[in-house]
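Here is what each chain is made of, one letter per residue.
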Amino acid sequence: MTAGSMENVELFSSEGKGRGLKAAKEFFAGDVIFAEPAYAAVVFDSFIAQVCHTCFKRQEKLHHCGQCKFAHYCDRTCQKDAWTNHKNECSAIKRNGKVPNENIRLAARIMWRIEREGSGLTEGCLVAVNDLENHVDNFGEEERKELMVDVQTFVDFWLPSSQQFGMQYISHIFGVIKCNGFTLSDQRGLQAVGVAIFPSLCLVNHDCWPNCTVIINNGKLELRSLGKIEKGTELSVAYVDFLNLGEERRQQLKRQYDFDCTCEHCTKRLKEDLMLGVREDENKPSQGMVKDVIQFSKDTMEKICKARSEGAYHDVIKLCRECLKKQEPVLADTNIYMLRILSLASEVLSYLQNFEEAAEYARRMVDGYLKLYHPNNAQLGMAVMRAGVTHWHAGLIEVGHSMICKAYAILLVTHGPTHPITKDLEAMRAQTEMELRMFKENEYVYYMMREAALKNQPVHVMPEPSSNTTPSSIFHKKQ
């Protein structure tokens, strides 16, 4: 795996897409093509007191800025590193007596940096913030109203002593954020906690089946190759999750990024036969049955979202089971409506520690994902990891270890060996490998030790039962 720099890419005019980046050399799976620090970044409003405003790590105890009481940091080191970016923000918060939303804060940080450094072109960067696309001219009526509210809020927040920017330029920055804002994750890569601008990344065009992926690692964004890329090939990333119908992806891309996707998977509707798959046995359902089940699935998803927001997790499981009962005689296991229910059911059952049932749903979900996703897709890797951990907790060590190994192989490509989540997986792989050896040597001892660990009690190894005892009734008892 190579360490990346901007010398690895070339800026060019991509037909029908505007500017783009192409490979200046050959790359292989897992290579870092380039790494880029954020030009400006802020924590989401909902994580202000839970995430460090410098390194974006989630911490139980954070120190806050003694002046504005708003910014939170891991320690004095993070606070000192943040002062250049926080200084004006701190003064503006004290002056206004309140904190604006994340978009206003990000726009302010961008413009305070431009005030300090000039045009927004930093060393090693391929494009200036001033030259990024904003698509403001294509905003609809509602978007324009929201933009005007944001601009006015920004003007009220902006320090009178700072450089004064015109309304058109402020609108440009908000347009850049809307089109190019990149979600930041916590140190484990498991939860979105902030938003940032990475100017060079903005030059990488979209493809629903891309040859690159993007990950945050050690405070920098990494563009990583998903497979072999020949010199001169255009580099691409997926702006939206592939696990949606082509028309849904196109609508989302048009709405958020203001372009019409013409990639091969959209134009040829590749994989959609699987995403909309129905059972092909002797009891093949009619079109009317399929239509009714899909509508039932959509209605159930709305009910599930409401129940989840209210913390009614047992209601979520009830809804999932009812929906799966309707889906299973009609839809194939690759159908996205079934996969969404399987994913939700597995996630919530794991939270409720009903690992056996969760594992079955997770296995079916992974089987479907493997037929739909790119083999080195980051979402696939994370899903396989969660399924492996669920099987491990359920005592299904053989399947659990196999899935964890599969996830580790994917994340070595998408995240790299130094990413915290990959390191966690490496430790899990070693642990499950040890447990699997123990399981193969003596299942009885393995399950006794496992049950004792779950109960947090000392292990008392009892004599192995005689051969006339049914092994499954003792060895496979799960808590």
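Figured I'd write up the structure that's included with this text. Note that the structure is a prediction, hence the values are computed from the model and not measured.

Description of the overall build of the chain
Okay, step 1: Regarding its fold elements, the chain presents 16 helices and 12 strands.
Okay, step 2: Across its three principal axes, the chain shows a C-alpha extent of roughly 85 × 55 × 50 Å.
Okay, step 3: Burial statistics for the chain: of 479 residues in total, 48% are counted as buried.
Okay, step 4: Long-range contacts, defined as pairs at least 24 residues apart, comprise 65% of the intrachain contacts of the chain with a sequence gap of at least 6.
Okay, step 5: Summed over all atoms, the accessible surface of the chain reaches about 24100 Å², with 49% contributed by carbon and sulfur.
Okay, step 6: Taking the average location of the 58 positive side-chain charges in the chain and that of its 62 negative ones, the two points are 3 Å from each other.

Description of helix H1 (residues 76-96)
Okay, step 1: The end-to-end C-alpha distance of H1 is 26 Å, clearly below the 30 Å that 21 residues give at a rise of 1.5 Å each.
Okay, step 2: At Trp 83, H1 is deflected by roughly 70°, the largest bend along its length.
Okay, step 3: For H1, the set of buried residues is Cys 78, Gln 79, Ala 82, His 86, Glu 89, Cys 90, Ala 92 and Ile 93.
Okay, step 4: Among the structural elements, strand E6 (72-73), helix H2 (102-117) and helix H3 (141-157) are those in contact with the buried residues of H1.
Okay, step 5: At the N-terminal boundary of H1, the capping side chain belongs to Asp 75, with an oxygen 3.1 Å from the backbone nitrogen of Thr 77.

A few points about the environment of Met 148
Okay, step 1: Here Met 148 is to be found in helix H3.
Okay, step 2: Sequence-wise, Met 148 and Ser 236 are 88 residues apart; in three dimensions their C-alpha atoms are separated by 33 Å.

Structural notes on the sheet that holds strand E7 (residues 182-185)
Okay, step 1: Strand order in the open sheet made by the three strands is E4-E8-E7, with antiparallel pairing throughout. The open sheet has two edge strands with one neighbour each: strand E4 (40-43) and E7. Each neighbouring strand pair of the sheet contributes to a mean axis angle of 35°, computed without reference to strand direction.
Okay, step 2: Bridge count for E4 against strand E8 (residues 192-197) is four bridges, and the pairing is antiparallel. For Ala 41, the partnering residue across the bridge sits in E8 and is Ala 196.

A few points about the pairing of strand E10 (residues 212-217)
Okay, step 1: Along E10, six of the six residues are buried, which leaves the element largely enclosed by surrounding structure.
Okay, step 2: On E10, burial covers both faces: Cys 212, Val 214 and Ile 216 on one face and Thr 213, Ile 215 and Asn 217 on the other are all buried.
Okay, step 3: Relative to strand E11 (residues 220-225), E10 runs antiparallel, the two sharing six bridges. For Val 214, the partnering residue across the bridge sits in E11 and is Leu 223.

A short note on the layout of surface pockets
Okay, step 1: Considering only enclosed or pocket space, the second largest pocket measures out at about 630 Å³ in volume.
Okay, step 2: Forming the walls of the second largest pocket are 26 residues, and the residues nearest its centre are Ala 38, Thr 54, Cys 55, Phe 56 and Gly 219.
Okay, step 3: At the level of secondary structure, the elements contributing two or more residues to the lining of the second largest pocket comprise E4, H1, H2, E7 and E10.
Okay, step 4: Among the elements that take part in the lining of the second largest pocket, H1 stands out by supplying three residues, more than any other.
Okay, step 5: When grouped by side-chain class, the residues that make up the lining of the second largest pocket number 12 nonpolar, nine polar and five charged.

So, the sheet that holds E10
By definition, the strands of a sheet pair up through backbone hydrogen bonds, in either a parallel or an antiparallel sense.
Okay, step 1: Judged by pairing direction, the sheet is antiparallel, and its three strands sit side by side in the order E3-E11-E10 without closing on themselves. Unpaired on one side and paired on the other, strand E3 (32-37) and E10 mark the two borders of the sheet. The mean angle between the axes of side-by-side strands here comes to 20°, regardless of whether they run parallel or antiparallel.
Okay, step 2: By the bridge criterion, five bridges tie E3 to E11 in an arrangement that is antiparallel. The residue of E11 that forms the bridge with Val 32 is Arg 224.

Concerning the packing of aromatic side chains
Okay, step 1: Within the structure shown, the criterion is met by 13 aromatic pairs.
Okay, step 2: Pairing Phe 154 with Phe 174 gives two aromatic rings, centres 6.2 Å apart and planes at 90°, and the pair type is edge-to-face. With Phe 154 in helix H3 and Phe 174 in helix H4 (residues 167-180), this residue pair connects regions lying 20 residues apart in the sequence.
Okay, step 3: A relative accessible area of 6% means that Phe 174 is categorised as buried.

A closer look at the side chain of Asn 211
Okay, step 1: Examined against the element boundaries, Asn 211 turns out to sit in the loop between strand E9 (205-206) and E10.
Okay, step 2: Side-chain polar atoms of Asn 211 contact the backbone nitrogen of Ser 236, separated by 2.9 Å.
Okay, step 3: Setting aside anything within four residues of it in sequence, one finds Asn 211 in contact with Arg 224, Ser 225, Leu 226, Gly 227, Ile 229, Thr 233, Glu 234, Leu 235 and Ser 236.

Some remarks on the pattern of salt bridges
Okay, step 1: Per the counting criterion, the structure on display carries 22 salt bridges.
Okay, step 2: Two residues, Glu 357 and Arg 321, come together in a salt bridge whose shortest N-O distance is 2.6 Å. Placement of Glu 357 in helix H11 (residues 355-372) and of Arg 321 in helix H9 (residues 313-327) is noted, with a sequence separation of 36 residues between them.
Okay, step 3: Connected through shared salt-bridge partners, Glu 26, Lys 228 and Glu 230 make up one network.

Reading the values: the criteria
Residues numbered from 1 in each chain as written. Predicted model: local features only at pLDDT ≥ 70, side-chain atom pairs only at ≥ 80, totals over all residues. Heavy atoms only, no water. Helix = DSSP H or I, 4+ residues; strand = E, 2+ residues; numbered from the N terminus. Buried < 20%, exposed > 50% of the residue type's maximum accessible area, 1.4 Å probe, protein only. Contact = heavy atoms within 4.5 Å. Areas by Shrake-Rupley, 256 points an atom, 1.4 Å probe, with all protein chains shown as cover. Lys, Arg positive; Asp, Glu negative; His and termini not counted. Charge placed at Lys NZ, Arg CZ, Asp CG, Glu CD. Expected span 1.5 Å × (residues − 1). Bend = angle between axes of the 7 residues up to and from the residue. Polar contact = N/O pair within 3.5 Å; in protein donor to acceptor, adjacent residues only side chain to side chain. Pairing = 2+ DSSP bridges. Axes fitted to C-alpha atoms, helices over the stretch in contact; angles between N-to-C directions. 1 Å grid on protein atoms, 1.4 Å probe; cavity = no way out; pocket = protein on both sides within 12 Å on 5 of 7 lines; lining within 4 Å. Points joined across faces, edges and corners; volume = space filled by probe spheres on them. Nonpolar A, V, L, I, M, F, W, Y, C, P; charged D, E, K, R; others polar. Phe/Tyr/Trp six-rings, centres within 6.5 Å; stacked < 30°, edge-to-face > 60°. Salt bridge = Lys/Arg side-chain N within 4 Å of Asp/Glu carboxyl O.

By themselves these figures say nothing about function.
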